Amino acid sequence: MDSPTQNTSLQRLQNVEKRIVKVLELAGGVMDELANPAGPRKEFINNHCREFMQSIKDIQVTLRDEIKSACEYRPFEKCDYNSRIANEICLEKLKYILSQLDRMKETTEEYNSEA
C-alpha cells in the first residue's frame, strides 16, 4: 500500500502533467495567433507568453521539489545490503593483497637462497 507521502507526490506530479498540457495549449494558441492572416494581436501574444513563462517556472519549481523529495526518500536505509557488498569487496581486496604478499615472500626466499 502506498504511503500518504507517495500519494501526495503522485498527485503533485499529475497536476504538473495537467499544467504541461495547458502550457502546450498556450503555445499552440500563440502559434495560431501568429499564423492569423489579419496579423497577430500584440496584447494576446504578450498575455499568453507571460502566462506560458510563469507556468514553465511553476512547473520547474514543482519538479525540482519532487526530485529533491525523491532523493531524500530512502526505502532501503535500514538494509544491510550496501554494508555486506562493501565487506565482500574488502574481503576480495584482502585476498588479492595476501596473494601478492605470498608472491613477494616467495621471491625474497628465492633471492636469499641463491645468494
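Because the structure is a prediction, the values reported are computed rather than measured. (Residues numbered from 1 in each chain as written. Predicted model: local features only at pLDDT ≥ 70, side-chain atom pairs only at ≥ 80, totals over all residues. Heavy atoms only, no water.)

**Focus on the overall build of the protein chain**
Helix and strand content of the protein chain: three helices and zero strands. Reading the secondary structure of the protein chain in the N-to-C direction produces α-α-α. Taking all 115 residues of the protein chain together, the buried fraction comes to 11%. In the structure as shown, the protein chain presents an accessible area of about 10,100 Å², 58% of it carried by carbon and sulfur atoms. (Helix = DSSP H or I, 4+ residues; strand = E, 2+ residues; numbered from the N terminus. Buried < 20%, exposed > 50% of the residue type's maximum accessible area, 1.4 Å probe, protein only. Areas by Shrake-Rupley, 256 points an atom, 1.4 Å probe, with all protein chains shown as cover.)

**Topic: the packing of aromatic side chains**
Here the structure, examined in full by the defined rule, presents zero aromatic pairs. A cation sits over an aromatic face here: Arg41 above Phe44, 4.8 Å from the ring centre. (Phe/Tyr/Trp six-rings, centres within 6.5 Å; stacked < 30°, edge-to-face > 60°. Lys NZ or Arg CZ within 6 Å of the ring centre and 35° of its normal.)

**As for the environment of Leu24**
Tracing the backbone shows Leu24 in helix 1 (residues 4–34). Sequence separation between Leu24 and Phe52 is 28 residues; the distance between their C-alpha atoms is 8.5 Å.

**Focus on the pattern of salt bridges**
Counted according to the given criterion, the structure contains four salt bridges. Where Glu33 meets Arg41, a salt bridge forms, and the shortest distance between an N and an O atom there is 3.0 Å. With a relative accessible area of 6%, Glu33 lands in the buried category. When the shortest N-O distance is used, the salt bridge between Glu92 and Lys95 registers 3.6 Å. On the criterion of helical spacing, the pair formed by Glu92 and Lys95 is a turn pair, its members being three residues apart in helix 3 (residues 81–114). The exposure class of Lys95 is partly exposed, given its relative accessible area of 45%. (Salt bridge = Lys/Arg side-chain N within 4 Å of Asp/Glu carboxyl O.)

**Structural notes on helix 2 (residues 42–72)**
Because the α-helix completes a turn every 3.6 residues, residues three or four places apart line up on one side. Look at helix 2: 45 Å from first C-alpha to last across 31 residues, which is about the 45 Å you get at 1.5 Å a residue. Among all positions in helix 2, only Ile45, His48, Ser55, Ile59, Thr62 and Glu66 are buried. (Expected span 1.5 Å × (residues − 1).)

**Comments concerning a negative patch on the surface**
On the surface, a cluster of negative charge is made up of Asp102, Glu106, Glu109, Glu110 and Glu114. With respect to the helices, strands and loops of the structure, Glu106 is situated in helix 3. (Patch = residues over 30% accessible without salt bridge, like charges linked within 9 Å, V, L, I, M, F, W, Y side chains within 5 Å. Lys, Arg positive; Asp, Glu negative; His and termini not counted. Charge placed at Lys NZ, Arg CZ, Asp CG, Glu CD.)

By themselves, these figures tell us nothing about what the structure is for.
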